[in-house]
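For reference, the chains in residue letters:
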Number of protein chains: 2
Amino acid sequence: MASQSSRPALKSSPAPTTADLRRDNLGRVLRLVHEDGAMTRAAITERLGLARGTVGVLLDMLVRGGLLVERSPELPGTRGRPSPVFDTVPTGATVLAVDLAVEGFRLAVVGLGGRVLSRHEWPWDPAASTEQSVATLVERLRGAARRRTAAPYQAVGVACWGIVRGRDGFVHLAPNLGWRDVALGALLSDGLGAGRAGAGGLVQHVVVANDADLGAVAEYRRGAGAGARRLLYVHSDVGVGGGIVHEGTVLGASGGYAGEIGHMTVDPRGVRCRCGAVGCWETEVDERALLRAAGVPDPPEPASLAGAVAGVLEDARAGRPAAVEAVRIVSTALGTGLASLVHILGPDRIVLGGYLADLYALSPVPTRRVLQERGFSAEARDVPILPASRRADASFLGAAEYALEPLLSDPAAVLRPR
Amino acid sequence: MASQSSRPALKSSPAPTTADLRRDNLGRVLRLVHEDGAMTRAAITERLGLARGTVGVLLDMLVRGGLLVERSPELPGTRGRPSPVFDTVPTGATVLAVDLAVEGFRLAVVGLGGRVLSRHEWPWDPAASTEQSVATLVERLRGAARRRTAAPYQAVGVACWGIVRGRDGFVHLAPNLGWRDVALGALLSDGLGAGRAGAGGLVQHVVVANDADLGAVAEYRRGAGAGARRLLYVHSDVGVGGGIVHEGTVLGASGGYAGEIGHMTVDPRGVRCRCGAVGCWETEVDERALLRAAGVPDPPEPASLAGAVAGVLEDARAGRPAAVEAVRIVSTALGTGLASLVHILGPDRIVLGGYLADLYALSPVPTRRVLQERGFSAEARDVPILPASRRADASFLGAAEYALEPLLSDPAAVLRPR
């Protein structure tokens, strides 16, 4: 009791009932296997600190509900007869994970346990209005959902690059798509009959979230952020987005907006940002900032941007002075913003996604130097910076974690005959 | 289940046992009365959703343990015989709350329920080394603690203006005191025998925390921040400190450093900060920034600073142009930094402490204008900004909340005969 570690739990909360406990325990078992993969009954019992008999009952419910399966372990060369393990049934609960990209929308079907089951991609119709684009999205999702209605749980998770209200998935601004004030969460929920099981409802749950928040969750749960207590995830291609996982909670996910780290002011005499303000951090560190610093003209087609950026990085790797200098300038600006965020948020790990992973791999020194100069503590000066490890799938995996949440919190509600 | 509101609980946790539940429920009852004040048995039963009989048993334990008392309510003119209420016994659990100020250290004895029972103040010996100053502090606290050993629970909470590691109360830097790398948490715990009940231990718990974090807790629990979901507390006199209460949790309190919002970079060609870096936000918004903007020389004595600042604010109120312009400049810089923090953190309320409360009351428009210009959503543009309401006692009340936490989490451990 003498330790400092306790911190105020600043809210009184109602006491849980026995029914709450049973529901929570069912969710705990499912969440454990979903997160950490197949394990034996003994391992589950030990990890959760529950009675062996209780775990048996819960596992039986989850197996009968089609969410878990009992199978022999994949351990070659084990002596004796190995204990069977319980694993997730990927098709037992599926998420239609959507990534709204500039060129079109990508769809992945992600199963329980974070397994990507299939992928699809459709281009946007350039002539379509926002309303028409959303209607097309709804239609595609209805089609995909109809093919999978046998699963006990089906949900939709949408990653949107832009300013998204956590509470209801309202998209205030998605600059890459040109969308403004679109009630995407509500439109998708209506279109797919979310929560209207047995009354034409195709899915139980729809969630729309900021792409960087989802990337942060994916890296935290299944990538380079695993085990961090206070993870700062910074993603950039066009623009900069951030996701903050603080002690297991995504900052701002419960409502409102947060993580718009690209728009902190770093220079009152800086460049005008596409948000309208002057001197936002992203004007100094995103892909366009690198091209500008290198004197490379901004390509007219957004699709060619990545190639132009790769060219600058390649030139820098080859030692061409203009590119080397551009990389140094942008890496320093990266360090300045990261130092501010370290001051404000105190992360114990930073994960860089998008082109920043490549930039930092090529040139870590200017970034680290700023942190050394500005950090107040060894923790701040030496905070580990890692490249994102789930770059291709981060949005999908993060969207799946969000969309599976109601199931993981209360599997009994799903297992009940509908 | 169709709503968007669920968010990932990103960690699997062990299941609670029946003993955990009983302990938690005892804490819930005590916390409720501590936070919300005297209430009837029926009100407690309803608020916590527990069985009436259970609440009776818990209340009985807390009354017998000397933490709660049953008394008649203070309701004049109520008809019939009013139900008795349960209230905290302020002397049942006391915190020696310490505020380490420039001139000396202030001590308040704060009782359960957040009641300030007494106040004391001692000047520092200007000739003393840091070690000697800490030793004096320990001696004073030992004396104060010895006078109160009859209480079932006694703890120490220290507010330190500076960079404090949440995990163990290690003070990396307390610039106003000139302290650097002082293991204050450990030194106080050792000196007071924290947790060594019956073996010379005078207190159960010692906690050292950043002053702004404690101010945030005080405002959140008992002040202008009550009811906020994501509270940003910004305090300034010399320097700027911040505390962030996000969904009931203090950011960074559990370990590491956070909330050093005064040192985010706002201008690469700005003023050199006392931290050594250039262009920190606090160089544009703290008391010295206001004096500099007004052309008033920095007084040599730190104690005269507040008077000089009050003079500038008075001049501005009287319409003297230099002071009006200084207030406009600093208020604008306040807005710029707040806008960045709103982007990053998405607060639904901002509370201003220290001289910023007076500055904003005098001149809200420049600050609000920046938020209007830079905010991405109505929530961000119109985020409420309030003056701190517990300015004199914020550090004490916050320190008390931290130091009472072990008791509120597990009263049974205290009620057990020692």
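Computed from a prediction, not measured in an experiment: that's the story for all the values here.

1. A few points about the overall build of chain A
For chain A, the helix and strand inventory stands at 15 helices and 16 strands. Over its C-alpha atoms chain A spans a radius of gyration of 23 Å, differing by no more than 12% from the 22 Å that the globule rule assigns to 418 residues. Along the first, second and third principal axes, the C-alpha set of chain A runs to 65 × 60 × 50 Å. By the burial criterion, 58% of the 418 residues in chain A qualify as buried. Total accessible area on chain A stands at roughly 16000 Å², and carbon and sulfur atoms take up 52% of it.

2. Side note on the packing of helix α8 (residues 287–294) of chain A against helix α9 (residues 305–317) of chain A
All names here are of chain A. At their nearest, the axes of α8 and α9 sit 10 Å apart, and the two run at 50° to each other. The orientation of α8 with respect to α9, classified from their angle, is oblique. Classified by chirality, the crossing of α9 by α8 is left-handed. On the side of α8, the interface is formed by E287, R288, L290, L291 and A294, while α9 contributes L305, A306, A308, V309, V312 and L313. Looking at the contact of α8 with α9 residue by residue, the class counts come to nine nonpolar, no polar and two charged.

3. A short note on the sheet that holds strand β13 (residues 239–246) of chain B
Residue and element names in this part refer to chain B. Reading across the sheet, the five strands line up as β14-β13-β12-β15-β16 and stay open at both edges, with mixed pairing between neighbours. In this open sheet, the two edge strands, each paired with only one partner strand, are β14 (249–250) and β16 (385–387). One ladder, built from six bridges, connects strand β12 (residues 230–237) with strand β15 (residues 349–354); its direction is parallel. When the bridges of β15 are listed, S236 appears paired with G354. In this fold helix α10 (residues 321–345) packs onto β12, β13, β15 and β16, with an angle of close to 150° to the strand it touches most, β12.

4. Looking at the packing of aromatic side chains
Residue and element names in this part refer to chain A. Taken as a whole and judged by the stated rule, the model has six aromatic pairs over all chains. When the ring of F105 is compared with that of W124, the centres are 5.1 Å apart and the planes differ by 50°; the resulting orientation is tilted. Note that F105 is positioned in strand β5 (residues 104–111) and W124 in the loop between β6 (115–123) and α4 (130–146), a separation of 19 residues in sequence. For the pair formed by F105 and W124, the shared burial category is buried. A residue is classified by how much of its surface remains accessible, and W124, at 15% relative accessible area, is buried. Taken together through their ring pairs, the aromatic side chains of F105, W122, W124 and W179 make up a single cluster.

5. Quick word on unusual backbone geometry
Residues and elements named next belong to chain A. A positive phi angle is found at E247, which is not glycine, with a value near 50°. Counting through the fold element by element, E247 comes out in the loop between β13 (239–246) and β14 (249–250). A residue is classified by how much of its surface remains accessible, and E247, at 15% relative accessible area, is buried.

6. Thoughts on the pairing of strand β7 (residues 153–160) of chain A
Residue and element names in this part refer to chain A. Most of β7 is tucked away: eight of the eight residues are buried. Covered by surrounding structure in β7 are Y153, A155, G157 and A159 together with Q154, V156, V158 and C160, the residues of both alternating faces. With eight bridges connecting them, strand β4 (residues 93–100) and β7 associate as parallel partners. If you follow A93 over to β7, its bridge partner there is Y153. Strand direction decides the pairing type here: β7 and strand β11 (residues 205–210), joined by six bridges, are parallel. Note that in β11 the partner of A159 across the bridge is A209.

7. Looking at the sheet that holds strand β2 (residues 68–71) of chain A
All names here are of chain A. The sheet built from three strands is open, its strands ordered β1-β3-β2 with antiparallel pairing. Each having just a single partner strand, β1 (39–40) and β2 make up the two edges of the open sheet. Strands β2 and β3 (85–88) of the sheet are contacted by helix α3 (residues 52–64), whose axis makes an angle of about 105° with β2.

8. Here we look at the domain arrangement of chain A
Taken domain by domain, chain A holds domain 1 (19–73 + 83–88), domain 2 (91–213 + 395–415) and domain 3 (225–389). Of note, the centres of domain 1 of chain A and domain 3 of chain A, computed from C-alpha atoms alone, are 41 Å apart.

9. Focus: helix α4 (residues 130–146) of chain B
Between its first and last C-alpha, α4(B) extends 24 Å over 17 residues, near the 24 Å set by a 1.5 Å rise per residue. Taken together, the buried positions of α4(B) are B:S133, B:V134, B:L137, B:V138, B:L141, B:G143, B:A144 and B:A145.

10. Structural notes on the nonpolar core
Counting residues in each nonpolar core, the largest one holds 84 residues, and the members touching the most others are A:W281, A:L290, A:L345, B:W281, B:L290 and B:L345. Excluding residues that lie within four positions of it along the chain, B:W281 makes contacts with B:V234, B:V240, B:I261, B:G262, B:M264, B:V266, B:A333, B:L334, B:G337, B:L338 and B:L341.

11. A short note on the pattern of salt bridges
Considering all chains together, one arrives at 46 salt bridges over all chains under this definition. Taking the shortest distance from any N to any O, the salt bridge between A:R391 and A:D358 comes out at 3.1 Å. Here A:D358 lies in helix α11 (residues 355–362) and A:R391 lies in the loop between β16 (385–387) and α14 (394–409), a separation of 33 residues in the sequence. With a relative accessible area of 41%, A:R391 lands in the partly exposed category. B:E247 serves as the salt-bridge partner of B:R229, at 3.3 Å between the closest nitrogen and oxygen. Remark: B:E247 occurs in the loop between β13 and β14 and B:R229 occurs in the loop between α6 (211–222) and β12; sequence separation between them is 18 residues. Salt bridges sharing common partners tie together A:E35, A:R221, A:R222 and A:E401.

12. Examining the environment of A:R119
Residues and elements named next belong to chain A. Topologically, R119 is positioned in strand β6. On the accessibility criterion, R119 (48% relative accessible area) is partly exposed. Placed eleven residues apart in sequence, R119 and A108 show a C-alpha to C-alpha distance of 4.3 Å. Setting aside anything within four residues of it in sequence, one finds R119 in contact with L107, A108, D393 and F396. Here D393 takes part through its side chain, which lies 2.9 Å from a polar atom of the side chain of R119.

13. Concerning the side chain of A:N210
Residue and element names in this part refer to chain A. By the element assignment, N210 lies in strand β11. Accessibility expressed as a relative area gives 10% for N210, which makes it buried. A distance of 2.6 Å separates a polar atom in the side chain of N210 from the backbone oxygen of G162. Sequence-distant contacts of N210, that is, excluding residues within four places in its chain, are made with C160, G162, V164, G242 and E260.

14. Focus on the pairing of strand β6 (residues 115–123) of chain B
Residues and elements named next belong to chain B. Bridge count between strand β5 (residues 104–111) and β6: eight bridges; the pairing is antiparallel. What sits directly across from G111, in β6, is R115. Following β5, the chain reverses through three residues before pairing antiparallel with β6; G113 in that reversal takes a positive phi of roughly 90°.

15. Things to note about the side chain of A:H172
Within the fold, A:H172 resides in strand β9 (residues 170–174). Residue A:H172 is classed as buried on the basis of its relative accessible area of 11%. Not counting residues up to four positions away in its chain, the partners in contact with A:H172 are A:I163, A:W179, A:R180, A:D181, A:Y257, B:F376 and B:S377.

16. A closer look at the state of the cysteines
Residue and element names in this part refer to chain B. The tally for this structure, following the rule as stated, stands at zero disulfides over all chains. Unpaired in terms of disulfides, C273 finds its nearest cysteine sulfur in C275, a separation of 3.8 Å. Cysteine C280 shares no disulfide, and the gap to the nearest cysteine sulfur, in C275, comes to 3.7 Å.

Basis of the calculations
- Residues numbered from 1 in each chain as written.
- Chains lettered and ligands numbered in written order.
- Predicted model: local features only at pLDDT ≥ 70, side-chain atom pairs only at ≥ 80, totals over all residues.
- Heavy atoms only, no water.
- Helix = DSSP H or I, 4+ residues; strand = E, 2+ residues; numbered from the N terminus.
- Rg over C-alpha atoms; globule rule 2.2 N^0.38 Å.
- Buried < 20%, exposed > 50% of the residue type's maximum accessible area, 1.4 Å probe, protein only.
- Areas by Shrake-Rupley, 256 points an atom, 1.4 Å probe, with all protein chains shown as cover.
- Axes fitted to C-alpha atoms, helices over the stretch in contact; angles between N-to-C directions.
- Parallel < 35°, antiparallel > 145°, perpendicular 65-115°, else oblique.
- Left-handed = near helix turned anticlockwise from the far one by under 90°.
- Contact = heavy atoms within 4.5 Å.
- Nonpolar A, V, L, I, M, F, W, Y, C, P; charged D, E, K, R; others polar.
- Pairing = 2+ DSSP bridges.
- Phe/Tyr/Trp six-rings, centres within 6.5 Å; stacked < 30°, edge-to-face > 60°.
- Domains from an automatic or database assignment.
- Expected span 1.5 Å × (residues − 1).
- Core = buried A, V, L, I, M, F, W, Y, C linked by side-chain atoms within 4.5 Å.
- Salt bridge = Lys/Arg side-chain N within 4 Å of Asp/Glu carboxyl O.
- Polar contact = N/O pair within 3.5 Å; in protein donor to acceptor, adjacent residues only side chain to side chain.
- Disulfide = S-S within 2.5 Å.

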